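For reference, the chains in residue letters:
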Amino acid sequence: MSSDLPPEDIVDAQVVDAESDDSLVPVDALVLQSAPPISETEDRYLHPLSVIFSLTDLIKQNLIAAFLGIFGAANGDLVYVGLALLFFVPTFIFALIRYFTIRYRITDGELVVQEGLFFRRVRTVPVERIQNIDMVQGILHRMLDLAEVRVETASGTKPEAVLKVLSLDEMERLREGVRIHKQSSRAAGSSAVPDGALPAGDVSELNLEHEELSPALSLLKIPISWLAKAGFASNRGFILVGLMMGFYFQFAQGNPGDIDAGDLVDWNFIPESSSLLVKVGLIAGGLLIVLLLLRLLGVGWYILRFFGYELRQIGEDFKISCGLLTKVSATIPRKRIQFISVHRGLILRWMKLASVRIETAGGAADNSENATTTVSRRWFIPVIPESSIDKIIAEIRPGIDLNMDGYQWIPLARRAQSRFIRIACVVSCVLVAAAYLTLGWKLGIAALIAFPILILYAIRKSQSVKYARTNFGVVYRSGVLTKKTSFSFFEKIQAASWRQTPFDRRWEMATLSVDTAAAGPAEHVIDIKYLDQETAKQEYEQIVTMAAAR
Amino acid sequence: MTETPIEWRELDPASVTANRIVNCIAFAVVLVASVIGAVIAIAFGIPAPWHWLLPLILVFANLTLLWWAFFWPSIEHRHMRWSAGPVGVEIKKGVFWKHRIAIPWARVQHADVSQGPLARQFSIGNLTIHTAGTKHASIDIEGLNHAVALELRDEVIRQRKAGDVV
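What you see is a predicted model; the values in this text were computed from it and never measured.

Trainee: I tried to follow the overall build of chain A on my own but got confused; where do I start?
Mentor: Counting secondary structure elements, chain A contains 19 helices and 21 strands. By residue count, 47% of the 550 residues in chain A fall in the buried class. Nonlocal contacts in chain A, meaning residues at least 24 apart in sequence, comprise 63% of its contacts between residues at least 6 apart. When the accessible surface of chain A is summed, it comes to about 27,500 Å², and 63% of that surface belongs to carbon and sulfur atoms.

Trainee: How should the packing of helix 4 (residues 63-75) of chain A against helix 5 (residues 78-101) of chain A be read in this particular structure?
Mentor: Residues and elements named next belong to chain A. Where helix 4 meets helix 5, the closest approach of the two axes is 7 Å, and the angle between their N-to-C directions is 150°. Between helix 4 and helix 5, the angle is such that the two are roughly antiparallel. Crossing geometry of helix 4 relative to helix 5 is assigned as left-handed. Between helix 4, through Ala65, Ala66, Leu68, Gly69, Phe71, Gly72 and Ala73, and helix 5, the contact on the second element is made entirely by Tyr80, Val81, Ala84, Phe87 and Phe88. When its residues are assigned to classes, the contact of helix 4 with helix 5 shows 10 nonpolar, two polar and no charged.

Trainee: I keep staring at the interface of chain A and chain B and nothing clicks. Help me out?
Mentor: As a measure of interface size, the accessible area lost when the parts come together is often cited. Taken together, the contact pairs 41 residues of chain A with 27 residues of chain B. Carbon and sulfur atoms make up 50% of the area that chain A and chain B hide from each other, which totals about 3,000 Å². Run the count over chain A and chain B and you get two salt bridges. The partner of A:Glu541 in a salt bridge is B:Arg100, and the shortest N-O contact between them spans 3.8 Å. Scanning the region where chain A abuts chain B turns up 16 residue pairs in polar contact (both at pLDDT 80 or more). Secondary structure elements with two or more residues in the side of chain A that touches chain B: strand 19 (493-500), helix 18 (502-507), strand 20 (509-516) and helix 19 (533-549) of chain A. Of the residues forming the side of chain A that touches chain B, the biggest block, eight residues, is contributed by strand 19 of chain A. The class makeup of the residues in the side of chain A that touches chain B is 17 nonpolar, 10 polar and 14 charged. When strand 19 of chain A meets strand 3 (residues 98-104) of chain B, the two strands line up antiparallel, connected through five bridges.

Trainee: Which parts of the structure should I look at to understand the nonpolar core?
Mentor: A general tendency of soluble globular proteins is for nonpolar side chains to be buried together. Residue and element names in this part refer to chain A. If you look at the biggest cluster of nonpolar residues, it comprises 44 residues, and the most contacted ones within it are Leu311, Ile340, Phe380, Ile381, Ile393 and Phe487. A total of five residues in this core trace back to one element, the largest contributor, which is helix 11 (residues 276-306). The two domains that each donate at least three residues to this core are domain 2 (224-306) and domain 3 (310-412 + 465-549).

Trainee: In this structure, what is going on with unusual backbone geometry? I would like to understand it.
Mentor: Backbone phi values are negative for most residues with the exception of glycine, while trans is the configuration of most peptide bonds. Residues and elements named next belong to chain A. At the junction of Lys164 and Val165, the peptide bond is cis and its omega measures out at -5° in the coordinates. Turning to its location among the elements, Val165 is positioned in strand 7 (residues 161-167). The phi angle at Glu508 is positive, at roughly 55°, despite the residue not being glycine. Relative to the elements of secondary structure, Glu508 occurs in the loop between helix 18 and strand 20. Residue classification places Glu508 among the partly exposed positions, given a relative accessible area of 46%.

Trainee: Honestly, the sheet that holds strand 9 (residues 310-314) of chain A in this entry has me stumped. Any pointers?
Mentor: Each strand in a sheet pairs with another by means of backbone hydrogen bonds, the pair being arranged parallel or else antiparallel. Residue and element names in this part refer to chain A. The seven strands lie next to each other as 7-6-5-11-10-9-8, forming an open sheet whose pairing is antiparallel. Since the sheet does not close on itself, it has two edges, and those belong to strand 7 and strand 8 (217-221), each with one partner. Between one strand axis and the next, the sheet turns through 20° on average, direction left out of account. Examined bridge by bridge, strand 5 (residues 132-137) and strand 11 (residues 327-333) share four bridges and lie antiparallel to one another. Paired with Val136 across the strands is Val328, a residue of strand 11.

Trainee: How do you make sense of helix 4 of chain A when you look at a structure like this?
Mentor: Residue pairs three or four apart in sequence face the same way in an α-helix, which turns once every 3.6 residues. Residues and elements named next belong to chain A. Here helix 4 contains 13 residues, and its C-alpha end-to-end distance of 18 Å stays within 8% of the 18 Å for a straight helix at 1.5 Å per residue. Every buried residue belonging to helix 4 is among Ala65, Ala66, Gly69 and Gly72, and all of these are buried. Viewed along the axis of helix 4, the buried residues span an arc of 130°, placing them on a single side of the element. Pointing more than 90 degrees away from the buried face of helix 4 are the exposed residues Ile64, Ile70, Ala74 and Asn75. In this structure, the buried side of helix 4 is in contact with helix 3 (50-61) and helix 5. Downstream of helix 4 by a residue or two, Gly76 has a phi angle that is positive, lying close to 70°.

Trainee: I would appreciate a short explanation of the pattern of salt bridges in the present structure.
Mentor: Oppositely charged side chains can pair when the atoms bearing their charge come close. Applying the stated criterion across every chain yields a total of 20 salt bridges over all chains. Between A:Glu115 and A:Arg121 there is a salt bridge whose closest N-O contact spans 3.5 Å. When the shortest N-O distance is used, the salt bridge between A:Asp527 and B:Lys135 registers 3.5 Å. One end of the pair, A:Asp527, is in strand 21 (residues 527-532); the other, B:Lys135, is in the loop between strand 5 (124-131) and strand 6 (138-145), on a second chain.

The rules behind the values
Residues numbered from 1 in each chain as written. Chains lettered and ligands numbered in written order. Predicted model: local features only at pLDDT ≥ 70, side-chain atom pairs only at ≥ 80, totals over all residues. Heavy atoms only, no water. Helix = DSSP H or I, 4+ residues; strand = E, 2+ residues; numbered from the N terminus. Buried < 20%, exposed > 50% of the residue type's maximum accessible area, 1.4 Å probe, protein only. Contact = heavy atoms within 4.5 Å. Areas by Shrake-Rupley, 256 points an atom, 1.4 Å probe, with all protein chains shown as cover. Axes fitted to C-alpha atoms, helices over the stretch in contact; angles between N-to-C directions. Parallel < 35°, antiparallel > 145°, perpendicular 65-115°, else oblique. Left-handed = near helix turned anticlockwise from the far one by under 90°. Nonpolar A, V, L, I, M, F, W, Y, C, P; charged D, E, K, R; others polar. Buried area = accessible area lost by both parts, 1.4 Å probe. Salt bridge = Lys/Arg side-chain N within 4 Å of Asp/Glu carboxyl O. Polar contact = N/O pair within 3.5 Å; in protein donor to acceptor, adjacent residues only side chain to side chain. Pairing = 2+ DSSP bridges. Core = buried A, V, L, I, M, F, W, Y, C linked by side-chain atoms within 4.5 Å. Domains from an automatic or database assignment. Expected span 1.5 Å × (residues − 1). Arc of directions from axis to C-beta.

See below:
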């Protein structure tokens with residue numbers, strides 16, 4: 001969904017509910033809470049220290065200007081300092097105004113966030129629509145008992161409201177307030193329950209039930225040894241080094257064209273006189289050490305990010321908390337989970353481990369690596385033994401049949417393998433030709449090895465893709481090295497489509513795809529190519545019918 | 001899908017004419033540009049094979065474009081069908097690259113009808129249906145009769161379930 005979707009649409013649909021609910025907020029429930037929730041009309045403000053955090057953010061966002069300023073100051077060049085100030089002072093003043101004018105409250109089942117001095121912007125988020133309330137704490141935040149709070153709804157890529165920063169008590173109060181409002185509107189039968197099925201008198205009883213369910217239930221704790229294994233198996237190290245190199249080239253040198261990657265390594269460590277065998281050994285050993293270091297970097301990243309990981313269930317919400325330095329805590333309502341995906345990478349499989357990703361409707365297509373999205377979606381469960389996967393999926397989504405041998409798996413079209421092999425052959429030919437033309441005949445011959453590798457890959461790939469329509473939704477498996485199994489659910493399927501290219505038509509194949517909200521972060525979008533065209537059409541029609549029935 | 005056969009409907013034939021007009025405007029721009037380009041190129045003198053090859057290419061390109069401007073809208077129109085069945089809205093389209101997409105009634109978030117100045121002359125309109133999805137966050141049915149578009153929009157709004165779908 002695009003980020004510019006006007007929030008009014010959501011509000012419109014919800015106004016009726018809010019009006020019918022506002023008298024139903026149970027007083028008992030309010031009293032039961034440990035921290036007093038936000039009162040109905042009182043405006044709440046950010047924590048005064050917000051200004052400091054906004055300032056550090058500003059400097060982070062404008063690194064170049066900051067560098068200029070420091071550089072200028074160091075050289076005694078006032079022009080640069082002036083430029084930097086010219087840039088910083090107005091933005092700083094705006095930030096100050098902004099942070100002092102932000103206020104929020106919960107009224108009539110809606111979270112109202114107001115900001116701005118001259119241009120006042122009021123944002124109304126129906127509490128029912130709030131997907132997650134996430135929290136991020138850096139070291140400084142933790143020392144001061146503060147947190148950055150993000151309120152997310154289904155719309156768009158960005159959090160609906162970012163409250164930077166609140167005290168922990170204040171955050172708890174906000175969470176409780178939202179939770180209570182959600183419960184009361186849920187009890188009032190706003191959307192889930194058919195009209196008239198629930199007399200108003202039952203509201204308080206229903207709430208009490210929710211209250212009893214509420215105690216936190218710890219579902220999973222990840223010991224540091226698993227994290228170390230997962231970090232070792234991951235390619236995080238490569239990504240981190242890539243990021244650092246990018247940063248280095250961008251800022252330190254400014255001209256990437258001048259640098260040859262070979263220059264970064266000093267080849268003189270190999271003595272001139274040594275034999276070929278020694279040389280090869282030294283290079284291989286060196287590479288091995290580099291690889292090992294990269295892997296260790298991955299281990300470090302995993303431990304930093306997921307230290308003390310705990311997944312808890314509170315009523316109908318899941319709560320994740322983890323992090324060594326920057327602490328993240330995210331709340332994910334169970335009914336907002338759109339998609340569950342189990343990933344088993346090559347090395348992870350050797351260690352009998354896996355990771356679980358989920359998709360919730362908020363934060364679609366946001367590829368930036370910010371702490372909360374990273375934790376709550378891309379790494380919902382960063383690592384888990386294969387043997388516990390079924391159990392945890394049953395917790396995430398009760399009542400689904402996980403006996404996968406019992407599914408009616410539909411493989412790709414009969415001739416898909418031939419088609420894959422043909423593609424592999426064409427790609428190999430191109431590779432060999434390119435190697436021959438650019439690097440000479442020796443490497444051209446060496447490139448012939450691409451043929452068996454790519455053909456083997458093509459065969460494995462065509463065998464790995466499987467699709468099943470079950471009674472709860474669609475299950476999709478694929479992957480040669482990293483094996484992925486994903487579950488989508490009929491009531492979360494927004495649309496289905498069937499596509500056929502001219503090439504597909506020649507091979508009597510088609511592509512079947514299923515669209516869910518915020519698809520993407522789990523990196524396993526259900527878009528199945530090379531299915532038999534008739535099968536794909538039947539499945540497409542069945543999926544739509546079954547989705548419509550939910 | 002269900003026992004009752006789906007009633008596939010065509011777009012308004014007027015949309016073909018409208019599309020032809022739009023295409024012809026595009027064609028006219030290209031034609032003028034190529035004539036000017038050819039004249040300038042020949043006036044300033046260009047190397048040997050090009051003084052006859054360039055006009056030939058331009059003539060060929062323009063003829064193709066003219067064919068496209070005139071015939072493509074009707075070909076596209078023949079391959080486009082939509083239906084508002086018991087399950088939801090379904091579209092099938094595409095001449096070479098075929099595409100079918102279906103949205104269950106209950107998944108529609110909202111729908112709107114838009115109409116450009118030319119479309120108003122032909123009383124046709126575009127219906128855009130929004131879902132909470134990602135890739136198909138919105139689908140367009142372009143070239144409906146305006147009255148039909150409005151009717152379909154009302155139907156879509158009436159059929160969708162109030163409440164949460166994500």
